[in-house]
Amino acid sequence: MASQAEILNDGRFSCVTRDPRFWEMPEKERKIKIDKRFRAMFHDKKFKLKYTVDKRGRPVNYTSTENLRKFYALSESDSDISEDDSEGHTERKKKKKKAKPKGETDS
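Computed from a prediction, not measured in an experiment: that's the story for all the values here. (Residues numbered from 1 in each chain as written. Predicted model: local features only at pLDDT ≥ 70, side-chain atom pairs only at ≥ 80, totals over all residues. Heavy atoms only, no water.)

Brief notes about the overall build of the protein chain
Right, so step 1: The helix and strand inventory of the protein chain stands at 5 helices and 4 strands.
Right, so step 2: When the helices and strands of the protein chain are placed in sequence order, the string is α-α-α-β-β-β-α-β-α.
Right, so step 3: Counting only contacts in the protein chain whose residues sit at least 6 apart along the sequence, the fraction spanning at least 24 positions is 45%.
Right, so step 4: Here the protein chain displays about 10,200 Å² of accessible surface, and carbon together with sulfur accounts for 54% of that area. (Helix = DSSP H or I, 4+ residues; strand = E, 2+ residues; numbered from the N terminus. Contact = heavy atoms within 4.5 Å. Areas by Shrake-Rupley, 256 points an atom, 1.4 Å probe, with all protein chains shown as cover.)

This is the structure we're talking about:
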């Protein structure tokens, strides 16, 4: 069997090294970016399945959340924004509660 270098030096296959269709996908682009609305799927019990065999019947020991982490990633801009929003949201709630007079009660 010919080595990898011999194959690439062959004139018939030289275009493979220059053609972007055959380049390896960058690590940053492999995972699909999802926003904060879908971050519950990484820790929610509804999305977690435990597999005992793979599609060919061989025994395996992993869960579906490992597959989710393999193919999806939280977008960094949304995760930063969501933290800021949650802090601002709690501050607004505190301000609203303080604005009520002490003598009045909710009906």
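Concerning the pattern of salt bridges
Right, so step 1: Under the criterion given, the structure shown has 5 salt bridges.
Right, so step 2: The salt bridge partner of arginine 37 is aspartate 35, with a shortest N-O separation of 2.8 Å.
Right, so step 3: Overall, the relative accessible area of 63% leaves arginine 37 in the exposed class.
Right, so step 4: Across the pair aspartate 54 and arginine 58 runs a salt bridge whose closest N-O atoms are separated by 3.1 Å. (Salt bridge = Lys/Arg side-chain N within 4 Å of Asp/Glu carboxyl O. Buried < 20%, exposed > 50% of the residue type's maximum accessible area, 1.4 Å probe, protein only.)

A short note on a positive patch on the surface
Right, so step 1: A grouping of Lys28, Lys31, Lys33 and Arg69 is seen on the molecular surface, where their side chains present a positively charged patch.
Right, so step 2: Overall, the relative accessible area of 47% leaves lysine 33 in the partly exposed class. (Patch = residues over 30% accessible without salt bridge, like charges linked within 9 Å, V, L, I, M, F, W, Y side chains within 5 Å. Lys, Arg positive; Asp, Glu negative; His and termini not counted. Charge placed at Lys NZ, Arg CZ, Asp CG, Glu CD.)

Quick notes on helix α4 (residues 64-71)
Right, so step 1: For α4, every residue scored as buried is listed here: Ser64, Thr65 and Leu68. Each buried residue of α4 sits inside an arc of 100° when the element is viewed along its axis, so together they form one side.
Right, so step 2: For α4, the elements touching its buried residues are β2 (50-53), β3 (59-63) and β4 (72-74). (Arc of directions from axis to C-beta.)

Some points on the side chain of aspartate 35
Right, so step 1: Topologically, aspartate 35 is positioned in the loop between β1 (32-34) and β2.
Right, so step 2: Within the local environment of aspartate 35, its side chain forms a polar contact with the side chain of arginine 37, the two groups lying 2.8 Å apart. (Polar contact = N/O pair within 3.5 Å; in protein donor to acceptor, adjacent residues only side chain to side chain.)

Describing the environment of arginine 58
Right, so step 1: Structurally, arginine 58 can be placed in the loop between β2 and β3.
Right, so step 2: Contact partners of arginine 58, with chain neighbours within four places excluded, come to Thr52 and Val53.

What to know about a nonpolar patch on the surface
Right, so step 1: On the surface, Ile7, Phe13, Val16 and Phe22 cluster together to form a nonpolar patch covering roughly 330 Å² of accessible area.
Right, so step 2: Topologically, phenylalanine 13 is positioned in the loop between α1 (4-9) and α2 (15-18).
Right, so step 3: By relative accessible area, which is 36% here, phenylalanine 13 ends up partly exposed.

Don't take any of this as a statement about function, it's just geometry.
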